[in-house]
Amino acid sequence: MLEMATFLLLVAAFFTAVCALYGRILTPDSAEETWAVIRGDGPGNGLEQQVRSLMWLRSWGLLRCRVILDDGGLDPDGRELARTLTRRWPELELLSEQTL
């Protein structure tokens, strides 16, 4: 029984290592010139989901670039959502028409 548990643990560790290395091989090198820009408009439908997915990739090290949220005509509710998201993730940059 102990041998089976040890074997399963080693298989799980090997699988985890292979997945981690495979992810590193496929991940592009980090570059300051690379940006991920999310354009928000109107009430910001789907904005939170897009930001969450990019921030999740960043947290796992699978995305190494700046994430910018572009105010492409957000209404007041959309702007409030964008501000909430930038408070939640300080590394998220909000680019509005006033900053241009």
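You'll find the structure just up there.
Residues numbered from 1 in each chain as written. Predicted model: local features only at pLDDT ≥ 70, side-chain atom pairs only at ≥ 80, totals over all residues. Heavy atoms only, no water.

Peer 1: Can you explain the overall build of the protein? Please cite residues and give values.
Peer 2: Along its length, the protein carries 3 helices and 3 strands. In sequence order, the protein lays out its α and β elements as α-β-α-β-α-β. Counting over 100 residues, the protein shows a buried share of 26%. Restricting the contact set of the protein to residue pairs at least 6 apart, pairs at least 24 apart contribute 75%. (Helix = DSSP H or I, 4+ residues; strand = E, 2+ residues; numbered from the N terminus. Buried < 20%, exposed > 50% of the residue type's maximum accessible area, 1.4 Å probe, protein only. Contact = heavy atoms within 4.5 Å.)

Peer 1: Please provide a residue-by-residue account of the pattern of salt bridges, values included.
Peer 2: One pass over the structure, following the stated rule, counts 6 salt bridges. Here Arg 39 makes a salt bridge to Asp 70, at a shortest N to O gap of 2.9 Å. Taken together, the positions of Arg 39 in strand E1 (residues 35-42) and Asp 70 in strand E2 (residues 66-74) put the pair 31 residues apart, joining distant regions of the chain. Residue classification places Asp 70 among the buried positions, given a relative accessible area of 16%. Between Glu 80 and Arg 83 there is a salt bridge, with the nearest N and O atoms lying 3.4 Å from each other. Taken together, the positions of Glu 80 and Arg 83, both in helix H3 (residues 76-88) and 3 residues apart, correspond to about one turn of that helix. (Salt bridge = Lys/Arg side-chain N within 4 Å of Asp/Glu carboxyl O.)

Peer 1: Outline a nonpolar patch on the surface, supporting the account with residue identities and numerical values.
Peer 2: Together, Met 4, Phe 7, Leu 8 and Val 11 give the surface a local cluster of nonpolar side chains, amounting to about 400 Å² of exposed area. Note that Phe 7 resides in helix H1 (residues 2-26). (Patch = residues over 30% accessible without salt bridge, like charges linked within 9 Å, V, L, I, M, F, W, Y side chains within 5 Å. Areas by Shrake-Rupley, 256 points an atom, 1.4 Å probe, with all protein chains shown as cover.)

Peer 1: Hey, could you go over the environment of Leu 54 for me, with residue numbers and the actual values?
Peer 2: Structurally, Leu 54 is set in helix H2 (residues 47-59). Spatially, the C-alpha atom of Leu 54 lies 7.7 Å from that of Val 67, the residues being 13 residues apart in sequence.

Peer 1: Before we move on, can you summarise the pairing of E1 with the specific residues and values?
Peer 2: The pairing of E1 with E2 spans 7 bridges and is classified as parallel. For Arg 39, the partnering residue across the bridge sits in E2 and is Asp 70. (Pairing = 2+ DSSP bridges.)

Just distances and angles here, no functional claims.
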